[in-house]
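# Notes for the structure review
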Amino acid sequence: MVTSLALCFDAPMQSWGTRSPGTLRDTAAEPTKSGVVGLLAAALGVHRDDHDAIADLAALTLAVRVDREGIPERDYHTTQNVPTTLGKGHRTVVSERYYLADALFLVILEGHPELLQRLNHTIDSPRWPVFFGRRAFVPARPLLTRTGLTHQPALRLLHTHPWLENDPDVRKSESAKTERVPLRTIIDCPATTPGAVPRRDHPISFTHGDRRHGLRHVLPATTPLTDPMISDGDQAPCS
Amino acid sequence: MFLTKLSINVRSREFRRDFANIHDLHRTVMSAYPDTDGDIPARQAHGVLWRLDPTHTGYTAYIQSHTNPAWGKLPGDYTTAPAEVRPLQPVLDTITAGRKLSFRLLANATQDTRPVELKGKTRRVAHHQPDDQIGWLIRKGDQHGFVIPTARDGQPDVNPSPVPRMTGRKDDTTVIVDPVRFDGHLIVTDHTAFTQALTTGIGRAKAYGCGLLSLAPPRNT
């Protein structure tokens, strides 16, 4: 029997870097696998160089539904006292740091039931702080959704999980519409699936100075935003 | 020539979809213009150029065209105010050679490279360094009848600022545009070439929000 864990990624700012070393720190339009695995590892208290535990987390199937598209923004960021390549003298480096403003994602993990159970217990009282791509970008509401741990497959949850949008104005205006913008979905898939897109964000090692990522394949698609998804929405107010 | 100002509602789901996919944004802009049956693409036939400008509260879209746009088809909550359309002829009338103007241009400043691995084929890459970007703009000025004056510090009087990468999907191909925004001053040298650049745009990726040259009186120094 499959087990899935549904999480809500909601924050004023999130950053999911894909080609990040250097002074250009970009962000993808949806959470990366390495970012999600890093967050889960922090919640469980898994060390950076615990490769086996990281591999177990990375083996989970990741499915993401974009419940609200974020707006990419640029951060003016300087780092002082960066040594020059010759090791003599120091300089100030200006880097381009991008983040997603106002994004909201439904993140579903499918796989090993015992691991998901542990995550279910610890994710909202994490061992170490959890954040969305950068230390300052903390969650705006609890990560666990009302659905939480279920026996449904991730693919089915993508199509049926209540819409996470909690802005009453947006909900109201959407329920009045007859033609709605569908929700974008991205799910892990085998490389042979037609339409599969490669992403180099499968974490292999988070060790300082030895970060490594492998290739994974995802299938981009959309799912309609239906009436039950809106009416059954996650309206629980933030405490 | 017409210029439209759209005050974007950033909470609109239709706008969020368009912002995440630059090709959808292109289609939303083009929905204001009738279809063409000729061989010339509709954007070119109507002379459509547009740009999204960030504001304190969200975005403003400026859209320029030969054809009078009809914004009735825009999704209901796409904007926070009705579309404002005005003729551009008064601006075109004031352009004379030797006139100094301040300008804003979002441009796809690129160059063709011939990497070894492509065996003679070219690959277009965006300029990321400010000096390269200014060099690109100065070359475009030679071509389009304007020069960039020198500021007090002896450098060209223009500021290039980085803009988030714009991505989209057209059919089954990925669209990636790395634009740069130029704000500065220019001096018109050739009336005909400059007017032509104003109406047809500068540089590449004109369907994706690049190439629209906006003018204003020069700033006091």
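Up top is the structure.
Residues numbered from 1 in each chain as written. Chains lettered and ligands numbered in written order. Predicted model: local features only at pLDDT ≥ 70, side-chain atom pairs only at ≥ 80, totals over all residues. Heavy atoms only, no water.

## Looking at the pattern of salt bridges
All names here are of chain B. One pass over the full model with this rule turns up 28 salt bridges over all chains. Its salt-bridge partner being Arg104, residue Asp183 comes within 2.6 Å of it at the nearest N-O pair. One end of the pair, Asp183, is in strand β12 (residues 180–188); the other, Arg104, is in strand β5 (residues 100–107), with 79 residues separating them in the sequence. In this structure Arg104 comes out as partly exposed when scored by relative accessible area, which is 23%. (Salt bridge = Lys/Arg side-chain N within 4 Å of Asp/Glu carboxyl O. Helix = DSSP H or I, 4+ residues; strand = E, 2+ residues; numbered from the N terminus. Buried < 20%, exposed > 50% of the residue type's maximum accessible area, 1.4 Å probe, protein only.)

## Remarks on the side chain of Arg13 of chain B
Structurally, Arg13 of chain B is set in helix α1 (residues 13–20). Its relative accessible area of 11% is what places Arg13 of chain B among the buried residues. Of the polar contacts made by the side chain of Arg13 of chain B, one reaches the backbone oxygen of Val181 of chain A; its length is 3.1 Å. Among all residues touching Arg13 of chain B, those that are not within four sequence positions of it are Trp163, Val170, Glu174, Arg180, Val181, Pro182, Leu183 and Leu225 of chain A. (Polar contact = N/O pair within 3.5 Å; in protein donor to acceptor, adjacent residues only side chain to side chain. Contact = heavy atoms within 4.5 Å.)

## Some points on unusual backbone geometry
All names here are of chain B. If you check the backbone angles, Lys119 has positive phi at about 50° while not being a glycine. When you line up the elements, Lys119 lands in the loop between β6 (110–113) and β7 (123–126). Exposure remark for Lys119: the relative accessible area of 75% places this residue in the exposed category. Of note, Asp171 is a non-glycine position whose phi angle comes to about 50°, a positive value.

## A few points about the interface of chain B and chain A
Tallying the contact residues gives 15 residues for chain B and 23 residues for chain A. Across the chain B/chain A interface, buried area totals approximately 1,700 Å², and carbon plus sulfur atoms make up 52% of it. On the chain B side of the interface with chain A, the three residues burying the most area are Arg11, Arg13 and Arg16 of chain B, jointly 42% of the side's total. For Arg16 of chain B, the salt bridge is made with Asp102 of chain A, and the minimal N-O distance between the two is 2.6 Å. (Buried area = accessible area lost by both parts, 1.4 Å probe.)

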